[in-house]
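Tertiary structure, described
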Amino acid sequence: MRYIALVLRNRLALVLVTALAPAVWGTTYLVTTELLPPGRPLLAAVIRCLPAGLLLIALTRCLPQGSWWWRSLILGALNIGVFQALLFIAAYRLPGGIAATVGAVQPLVTAGLSALVLGDRLTPRTVLAGIAGVAGVSLLVLRADAEPDAVGVVAALGGAVVMAAGIVLSKRWASPAPMLATTGWQLTAGGLLLVPVTLLTEGAPPSHYSLANVLGYTYLCLIGAAVTYVLWFRGLRALPPTSVSFLALLSPVVATLLGWLALGQELSPLQALGALVVLGSLLAAQIQRPRTAPESAPSAGPTAAPRPVRENA
């Protein structure tokens, strides 16, 4: 019983720390609208990710070895580059409520991929929690007058699938390098992939930045990427991938609350109910019977390392 209590306590602490990442990501909308220049979402993604990745690599002075060159590229594309591009396409072509609701299917996709790739069990509780999460997000952000766009819906679904694939592969490929370095590789790879897309779609960066712009970009880079992705990948290394994926539903909850508190946006009873439903789905996804023996990491080739005791990002 003492062992079970210790496992549950350690797991709760790790879940709470990991949840800080999507909670901070929920501040992105406020920072973008209030501090950043308009019409430059991909530029914001590049400035957010690439300098943060280079900073982490400089701090650790650790470069990929062997197969981790191409693995870092794939993970960086899935978790950062391709995901961010699809996310912003969906944001531009869809009302925010539709984009967030479609993206909320990501935990269900993660659960399915985890069952296929990692052999995890897909339980009825996970499926019901995933459905509840989508319903809660729709109550929270979806508007009756929102009009869908086919390209935007496909982009939002693609973003959910890409993020889910990145989560599952991050779990399967256990990096032997320090977590800061592994995170830096992915942020750098994803940021580099976004550079040509940004130049083609948004053109050259502005020649002048205000103090508010600099503060906004600095926050997104240091806090919104360097710190949060370390926490996210740290939690993913130690927690079940499906449990971590549900934590991403915190982002629309935080964004809605900040819109109400900081921007004076209306918060209806239905939105409050939606937030409660989302939080309930998060709790349901985190509840599982503790194991009595350490779980070994899936085999990922000669560079795989034993899974550490719950350290992420």
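Below, the structure is looked at part by part. (Residues numbered from 1 in each chain as written. Predicted model: local features only at pLDDT ≥ 70, side-chain atom pairs only at ≥ 80, totals over all residues. Heavy atoms only, no water.)

1. Side note on empty space enclosed by the protein
Under the counting rule described, the total for this entry stands at two cavities of 30 Å³ or more. What the second largest cavity holds in volume is close to 60 Å³. Those elements that provide at least two residues to the lining of the second largest cavity are α2 (28-35) and α3 (41-60). Among the elements that make up the lining of the second largest cavity, the one with the highest residue count is α3 (four residues). Within the lining of the second largest cavity, the residues separate by chemical class into six nonpolar, two polar and one charged. (1 Å grid on protein atoms, 1.4 Å probe; cavity = no way out; pocket = protein on both sides within 12 Å on 5 of 7 lines; lining within 4 Å. Points joined across faces, edges and corners; volume = space filled by probe spheres on them. Helix = DSSP H or I, 4+ residues; strand = E, 2+ residues; numbered from the N terminus. Nonpolar A, V, L, I, M, F, W, Y, C, P; charged D, E, K, R; others polar.)

2. Quick word on the environment of L258
Position of L258 relative to the elements: it lies in helix α12 (residues 250-262). With 229 residues separating them along the chain, L258 and Y29 place their C-alpha atoms 9.1 Å apart. Contact partners of L258, with chain neighbours within four places excluded, come to G26, T27, L30 and L263. (Contact = heavy atoms within 4.5 Å.)

3. Here we look at the side chain of S281
One can find S281 in helix α13 (residues 269-286). Within the local environment of S281, its side chain forms a polar contact with the backbone oxygen of V278, the two atoms lying 2.7 Å apart. Sequence-distant contacts of S281, that is, excluding residues within four places in its chain, are made with A129, A132, G133, F246 and L249. (Polar contact = N/O pair within 3.5 Å; in protein donor to acceptor, adjacent residues only side chain to side chain.)

4. A word on a nonpolar patch on the surface
Together, L55, L59, L222, I223 and V227 give the surface a local cluster of nonpolar side chains, amounting to about 400 Å² of exposed area. Looking at the nonpolar patch, the elements with two or more residues in it are α3 and α10 (211-238). Counting residues per element, the nonpolar patch draws most heavily on α10, at three residues. Tracing the chain through its elements places L59 in helix α3. (Patch = residues over 30% accessible without salt bridge, like charges linked within 9 Å, V, L, I, M, F, W, Y side chains within 5 Å. Areas by Shrake-Rupley, 256 points an atom, 1.4 Å probe, with all protein chains shown as cover. Salt bridge = Lys/Arg side-chain N within 4 Å of Asp/Glu carboxyl O.)

5. So, the packing of α2 against α10
Following both chains from N to C, one finds α2 and α10 inclined at 160°, their axes separated by 9 Å at the closest point. Regarding the angle of α2 to α10, the classification is roughly antiparallel. Taken as a pair, α2 and α10 cross one another with a handedness that is left-handed. Contacts between α2 and α10 pair T28, V31 and L35 from the former with A212, N213, G216, Y219 and L220 from the latter. Residue composition of the contact of α2 with α10, grouped by class: five nonpolar, three polar and no charged. (Axes fitted to C-alpha atoms, helices over the stretch in contact; angles between N-to-C directions. Parallel < 35°, antiparallel > 145°, perpendicular 65-115°, else oblique. Left-handed = near helix turned anticlockwise from the far one by under 90°.)

6. As for the side chain of S245
Tracing the chain through its elements places S245 in helix α11 (residues 241-247). In this structure S245 touches Q106, P107, T110, I167 and W232, once residues within four positions along its chain are discounted.

7. Quick look at the nonpolar core
Formed by 51 residues in total, the largest nonpolar core has its most connected members in L187, Y229, W232 and L249. With nine residues, α10 is the single largest residue contributor to this core. With residues up to four places along the chain from it excluded, the contact list for L187 reads C49, L50, A52, G53, L56, I80, A225 and Y229. (Core = buried A, V, L, I, M, F, W, Y, C linked by side-chain atoms within 4.5 Å. Buried < 20%, exposed > 50% of the residue type's maximum accessible area, 1.4 Å probe, protein only.)

8. Points about the packing of aromatic side chains
Applying the stated criterion across every chain yields a total of six aromatic pairs. With 5.9 Å between their ring centres and 80° between their planes, Y209 and Y217 make a pair best called edge-to-face. Look at Y209 and you get partly exposed, because its relative accessible area is 29%. (Phe/Tyr/Trp six-rings, centres within 6.5 Å; stacked < 30°, edge-to-face > 60°.)

Keep in mind these numbers describe shape, not what the thing actually does.
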